[in-house]
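Take a look at the letters that make up each chain.
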Amino acid sequence: MKSYDTAWATMLIRQYLAVDGYVVSLQNCMNEETIAGIVGWGKTLGCIASSITVNLPEPGHIHRGAGKGGADHTVFRAGEVHGRITARAEEVCRLVGYSDSAKVTSNLWGERWSKLVANVMGNGLSACTGLAGGEVLQSEPLRRFSTRLGSEAIRVGQAQGYQLEEILHLPPETIARAGEGDQAATRACDEQRFKDAKRTSSAQRPSMGQDMQKGRRTEIEFLNGLVVREGEKLGIACNANAALTDIVKRVERGELKPDPRHITELRMN
């Protein structure tokens, strides 16, 4: 389910839950609170799919744009909202482990925000430019803007007290400093991102890029828009995320056509 479908889907599920049943959010974005508002925190778990790299070209046909994570990268991270390791979290881990590498995490919120940062850096850019992930990476101005998006999101996550995990196989602080203009951090980011790109199909599109192609509603307000709203609460300006959110919504409404120039010609202080 997309994030905007979470509330109604959970309402439909609630009546079928056993006494010891629970709902797992295996989604992008931060949806556990929405689920818990309907079924209760005691029946809410989370699971992150980190760099799973999938396309849905047609109903029932799932295509992975990269090989399995295996020992090099743990794709699934299942966890309880309170951070304790439980039998049911281990059961979720066992089930998703049939698809790829998996673990139980005691840091669900940090894992969740870290995945959100990765999505913030790539999803909206693909959606508003019409480019695949690899094409975005090859453009220096788009790559720099992507890093700035991630930097803002990391600073908001840190201010909220989240213990952030690796993001795109990089320490969060490296991405944050790169987005703030640190040249050494920028070189480290570029090196790692180009290294990772060699293991991914050049035609791979982030989920929001796929949604835009299909004429579907995007999750922009649950990703970059969320960063902006949470930043406002903390007094942290997230100008890049605010600009991208606005552009994606305009493309989604048909006011603009996808074009890299929406970003490359953007003037921001």
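Scroll up for the structure.
The structure contained in this document is the topic of the report that follows. (Residues numbered from 1 in each chain as written. Predicted model: local features only at pLDDT ≥ 70, side-chain atom pairs only at ≥ 80, totals over all residues. Heavy atoms only, no water.)

A full pass over the atoms with the stated rule returns two aromatic pairs. Centroid distance W41 to W109: 6.3 Å. Interplanar angle 70 degrees. Geometry classified as edge-to-face. Here the residue W41 occupies a position in the loop between α2 (32-39) and β2 (44-49), and W109 occupies one in helix α4 (residues 108-129), the gap between them amounting to 68 residues. Directly above the aromatic system of Y22 lies the positively charged group of R88, at a separation of 5.1 Å from the ring centroid. (Phe/Tyr/Trp six-rings, centres within 6.5 Å; stacked < 30°, edge-to-face > 60°. Helix = DSSP H or I, 4+ residues; strand = E, 2+ residues; numbered from the N terminus. Lys NZ or Arg CZ within 6 Å of the ring centre and 35° of its normal.)

Interhelical geometry of helix α10 (residues 224-234) versus helix α11 (residues 239-252) gives an angle of 140 degrees and a closest axis separation of 8 Å. The angle between α10 and α11 places the two elements in the oblique class. For the crossing formed where α10 meets α11, the hand is left-handed. Along the contact surface, α10 presents N224, G225, V227 and V228, while α11 presents N241, A242, L244 and T245. Of the residues contributing to the contact of α10 with α11, the split by class is four nonpolar, four polar and no charged. (Axes fitted to C-alpha atoms, helices over the stretch in contact; angles between N-to-C directions. Parallel < 35°, antiparallel > 145°, perpendicular 65-115°, else oblique. Left-handed = near helix turned anticlockwise from the far one by under 90°. Contact = heavy atoms within 4.5 Å. Nonpolar A, V, L, I, M, F, W, Y, C, P; charged D, E, K, R; others polar.)

Here we take up the pairing of strand β3 (residues 54-58). Direction of pairing for β3 relative to strand β4 (residues 61-64): antiparallel, over a ladder of three bridges. Counted as the bridge partner of E58 is H61 from β4. Remark: two residues form the turn of the hairpin made by β3 and β4, two consecutive strands paired antiparallel; G60 in that turn has positive phi of roughly 80 degrees. (Pairing = 2+ DSSP bridges.)

Another point: α2. Turning to α2, its buried residues are E32, I35, A36, I38 and V39. End-on, the buried residues of α2 take up no more than an arc of 165 degrees, which puts them together on one face. Seen from the buried face of α2, the exposed residues on the opposite side, beyond 90 degrees, are E33 and G37. If you follow the buried residues of α2, they end up packed against α1 (6-14), β1 (23-25), β2 and α4. (Buried < 20%, exposed > 50% of the residue type's maximum accessible area, 1.4 Å probe, protein only. Arc of directions from axis to C-beta.)

To continue, consider the nonpolar core. Ranked by internal contacts, the top residues of the largest apolar core, which has 40 residues, are W113, L116, V227, L244, V248 and I263. Counting residues per element, this core draws most heavily on α4, at eight residues. Non-local contacts of W113, meaning those with residues more than four positions away in its chain, are made with M30, A153, V156, G157, Q160, Y162, L164, L226, V227 and E230. Among the nonpolar cores identified, the runner-up in size contains nine residues, and L45, C47, A49 and A78 belong to it. (Core = buried A, V, L, I, M, F, W, Y, C linked by side-chain atoms within 4.5 Å.)

What follows covers the sheet that holds β2. Pairing within the open sheet is mixed, and its four strands lie in the order β1-β2-β5-β6. The open sheet terminates on both sides in strands that have one partner only, identified here as β1 and β6 (102-104). Strand-to-strand, the axes of this sheet are offset by a mean angle of 20 degrees, without reference to chain direction. Where β2 and strand β5 (residues 76-80) come together, five bridges link them in antiparallel fashion.

At a closest axis distance of 9 Å, the pairing of α4 and α11 adopts a crossing angle of 35 degrees. The element α4 and its partner α11 pack so that their crossing is left-handed. Facing V120, G124, L125, A127 and C128 of α4, the residues of α11 in contact are N241, L244, I247, V248 and V251. Looking at the contact of α4 with α11, its residues break down into eight nonpolar, two polar and no charged.

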